[in-house]
Amino acid sequence: MNSSVISQILKFIGLILVQVLILNHINFLGYINPYLYILFIILYPIKNNRLVFLLLSFLLGIIIDIFSDSGGIHAAACVTIAYMRPLALKWSFGTVYEHQTIKFNNVDFGSKLMYISILTGVHHLVLFFLEVFNFSETLLTLQKTLFSSTFTILLCVIVTIIFSKRSK
Amino acid sequence: MQQILNFIIRNKNFLLYLLLMALSMFFTTQTHSYHKSKFINSANFLSGGLYTRLNNIEQYLDLKVQNDNLSEENTRLRNLLQNYKVSREENFIDSTNFKGSYLFRPVRVIKNSYSASANILAINKGSNDSIQEDFGLITPKGILGIVDHTSKNYATVISILNTKSKISAQLKKTNHFGTLTWNGKSPNTVQLLDIPKIAPIEVGDTIITSGRSVIFPKGLQIGTIASFKLDAAENNFEINVSLFNDMTNIEHAYIIEHLDAPEINNLLNLSNEQ
């Protein structure tokens, strides 16, 4: 086992604990929670085995679901963003991604923000659509998506800045 | 066959995605129908154990709120005790203090309603616990209603949020009294009628029970004056009272029994017959 695998495992467990023990209980203004755990999917190494990546995302989502009694909505949202991550990478980083040379620590802030926002937006849209489970409440779904996304994106950016290794 | 295999290998990511998505949707719809999902819930050994630990911590963190509630009630009881002592230290002996004339019993409100116009509460004690008709129901913050029917283990209570309810209430600073009713609109506001025009009232004054009925003792807090106006005949005030109780969030309450009620009622009936 190399250090990268161990760090991924630690990240996986750490993010789940932070999510279920702290962030799920924030309920800002009654229903707004940040879902920081998707940072695992956002920051997963780009050179990867996609099958393993999809399975890991599903596992992450289903564990969050077990803790929040929500059926499979987190799992569905996680699998979706894991599947569409290459697309998001291409949209936000362009050709740099094609050569598979990007490191999340030293890309410019604008494209990183864009990348995080795309994945967070899609994740929350799927999540809240399945949670509300009612097309006649679309407005409520969009409202929840917007508010929670803002919260999550902010938190993700802050965490990536705090925990980024100094590039020398 | 070769082509099918090729297809599967070429699209293995997409197929896995579909499979996992279908699995998630299955779990989701299962929880949406009713609670029959076996392991995707927070009662299994992993999450249940973690939540038990978390709950221990949370209980500890919630102590502050619980303490505040308790100290609030303690303060109120301490004030009552002080007043009681003062009345004992007067020169004459007030024989009503020898025997407490009110008995309190803790009950739980098992059904609450506040959105209809005739709201009825239910409590978890009944005639087996000597609960009878016309006992009062209160919380530490105010009054809730009057017992209506009793069965062996349960009793129904006519809420003060019931358009039929009529309870005697008065101003705290003077002894002008009136009738507490409800117009059926807001669960936070009740109406106090028949306060004479001469009474010096202001917005923010406290309304308490008057003790003129045999149900509630005098001095239980009800609410504060939110607004007032003269009624159609311009002799009495119509006062909107905002309640101290949050009627939408009620769990623990007390039943009040007035031990001297039969005696007083007999006396009143005797006078009426003459």
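As the structure is a prediction and not an experimental result, all values here were calculated from the model.

### Regarding the overall build of chain A
Summing up its helical and strand segments, chain A has eight helices and zero strands in all. If you list the helices and strands of chain A from N to C, you get α-α-α-α-α-α-α-α. With 168 residues in all, chain A has 48% of them scored as buried. In chain A, the share of contacts with a sequence separation of at least 24, taken over all contacts with a separation of at least 6, comes to 64%.

### Quick notes on the overall build of chain B
Summing up its helical and strand segments, chain B has four helices and twelve strands in all. Expressed as a percentage of the 274 residues in chain B, the buried residues total 34%. Taking the contacts inside chain B whose residues are at least 6 apart along the sequence as the reference set, 57% of them involve residues at least 24 apart. Split by element, the accessible area of chain B, about 17300 Å² in all, is 55% carbon and sulfur.

### A word on the nonpolar core
Y37, I41, I42, L60 and Y115 of chain A are the most contacted members of the largest nonpolar core, which totals 54 residues. Elements supplying a minimum of two residues to this core: α1 (3-21), α2 (39-42), α3 (50-68), α4 (73-83), α5 (85-93), α7 (109-132) and α8 (138-163) of chain A together with α2 (12-33) of chain B. One finds F135, I138, I143 and A155 of chain B within the second-largest nonpolar core, a separate group that totals 41 residues.

### Looking at unusual backbone geometry
Residues and elements named next belong to chain B. One non-glycine residue, D134, adopts positive backbone phi at about 70°. Mapped onto the elements of the fold, D134 is located in the loop between β2 (118-123) and β3 (136-139). Under the relative-accessibility criterion, D134 is labelled partly exposed at 42%. Backbone geometry places D194, a non-glycine residue, at a positive phi of 65°.

### Things to note about the sheet that holds strand β7 (residues 177-181) of chain B
Residue and element names in this part refer to chain B. Judged by pairing direction, the barrel is antiparallel, and its six strands sit side by side in the order β6-β7-β8-β11-β10-β9 before closing back on the first. If you compare each strand with its neighbour and ignore which way they point, the axes differ by 40° on average. Here β7 runs beside strand β8 (residues 189-196); their pairing, made up of three bridges, is antiparallel. When the sheet's bridge partners are listed, T179 is paired in β8 with L193.

### Quick look at the pairing of strand β1 (residues 102-111) of chain B
Residue and element names in this part refer to chain B. In terms of strand pairing, β1 meets strand β12 (residues 252-258) through seven bridges, oriented antiparallel. Looking at β12, one finds that V107 is bridged to A253. In this structure, β1 lies alongside β2, joined through two bridges in antiparallel fashion. Residue pairing across strands places V109 opposite I123, the latter belonging to β2.

### Overview of α7 of chain A
Taking 1.5 Å per residue, 24 residues should reach 34 Å; α7 of chain A reaches 33 Å between its end C-alpha atoms and fits that length. Just downstream of α7 of chain A lies F133 of chain A, where phi reads positive at about 60°.

### Overview of the sheet that holds β12 of chain B
Read around the barrel, six strands follow the order β1-β2-β5-β4-β3-β12 (chain B) and close on themselves; strand pairing throughout is antiparallel. Adjacent strand axes in the sheet meet at a mean angle of 45°, parallel and antiparallel pairs treated alike.

### Focus: the pattern of salt bridges
Pairs can form between side chains of opposite charge whenever their charged atoms are close. Residue and element names in this part refer to chain B. For the coordinates displayed, the defined rule picks out three salt bridges over all chains. Between E238 and K229 there is a salt bridge whose closest N-O contact spans 3.6 Å. The exposed category is assigned to K229, whose relative accessible area is 51%.

### Quick notes on the packing of α4 of chain A against α7 of chain A
All names here are of chain A. Contact pair α4 / α7: the axes reach a minimum separation of 8 Å and the direction vectors enclose 150°. Taken together, α4 and α7 sit at an angle that is classed as roughly antiparallel. Note that α4 runs across α7; the crossing there is right-handed. Between α4 and α7, the residues in contact are I73, H74, A76, A77, C78, T80 and I81 and L119, V122, H123, V126, L127, L130 and E131, respectively.

### Focus on the pairing of strand β9 (residues 206-209) of chain B
When strand β6 (residues 167-171) of chain B meets β9 of chain B, the two strands line up antiparallel, connected through three bridges. Residue pairing for β9 of chain B: Q170 of chain B is matched across the bridge by I208 of chain B.

### Observations regarding the confidence of the model for chain A
On average, residues of chain A score 83 in pLDDT, and 90% of them are at 70 or above. Mean pLDDT values over the elements of chain A span from 64, in helix α6 (residues 95-98) of chain A, up to 91, in α4 of chain A.

### Digging into the environment of K112 of chain A
On the secondary structure map, K112 of chain A appears in helix α7. Dropping the residues within four chain positions of it, K112 of chain A is found in contact with F93, F104, V107 and T160 of chain A.

### Observations regarding the environment of G184 of chain B
Residue and element names in this part refer to chain B. Here G184 lies in the loop between β7 and β8. Owing to a relative accessible area of 26%, G184 belongs among the partly exposed residues under this scheme. It is 6.2 Å that separates the C-alpha atoms of G184 and T163, two residues lying 21 residues apart in sequence.

### Some thoughts on the packing of α7 of chain A against α8 of chain A
Residues and elements named next belong to chain A. One can describe the packing of α7 onto α8 by two numbers: an axis separation of 8 Å at closest approach and a directional angle of 140°. The angle between α7 and α8 places the two elements in the oblique class. Helix-helix and strand crossings are classified by hand; for α7 and α8 the assignment is right-handed. For the contact of α7 with α8, the per-class residue count stands at 13 nonpolar, eleven polar and three charged.

Scoring rules and cut-offs
In this numbering scheme, every chain counts its residues from 1 along its sequence in written order. In the order they appear in the text, chains get letters beginning with A and ligands get numbers beginning with 1. Residue-level local features of this predicted model are given only where pLDDT is at least 70; pairs of side-chain atoms are given and counted only at 80 or more, and the full residue set underlies all totals for whole chains, interfaces and linings. Computation of side-chain values covers all heavy atoms of the structure but excludes hydrogens and water. Helix and strand labels come from DSSP, where a helix needs a run of H or I of at least four residues and a strand needs a run of E of at least two; each type is numbered from the N terminus. Relative accessibility thresholds used throughout: buried, under 20% of the residue-type maximum; exposed, over 50%; partly exposed, between the two (1.4 Å probe, protein chains only). Should any heavy atoms of two residues lie within 4.5 Å, those residues are counted as being in contact. The accessible surface values rely on the Shrake-Rupley method and a 1.4 Å probe; as for residues, cover is taken only from the protein chains in view. We define the nonpolar core as a collection of buried residues of types Ala, Val, Leu, Ile, Met, Phe, Trp, Tyr and Cys that are connected through side-chain atoms lying within 4.5 Å of one another. Pairing between strands is defined by DSSP: at least two bridges between the two strands are required. Axis lines are fitted through C-alpha atoms, for helices just across the contact stretch, and the angle between N-to-C directions can take any value from 0 to 180 degrees. The length a helix should cover is 1.5 Å for every residue beyond the first. Should a side-chain nitrogen of Lys or Arg be within 4 Å of a carboxyl oxygen of Asp or Glu, the pair is scored as a salt bridge. Between 65 and 115 degrees an angle is taken as roughly perpendicular, under 35 as roughly parallel, over 145 as roughly antiparallel, and anywhere else as oblique. Should the near helix be turned anticlockwise from the far one by less than a right angle, the crossing is left-handed, and should it be turned clockwise, the crossing is right-handed. By definition, pLDDT measures how confident the predictor is in each residue, and it falls between 0 and 100. Residues are grouped as follows: nonpolar covers Ala, Val, Leu, Ile, Met, Phe, Trp, Tyr, Cys and Pro; charged covers Asp, Glu, Lys and Arg; every other residue, Gly included, is treated as polar.

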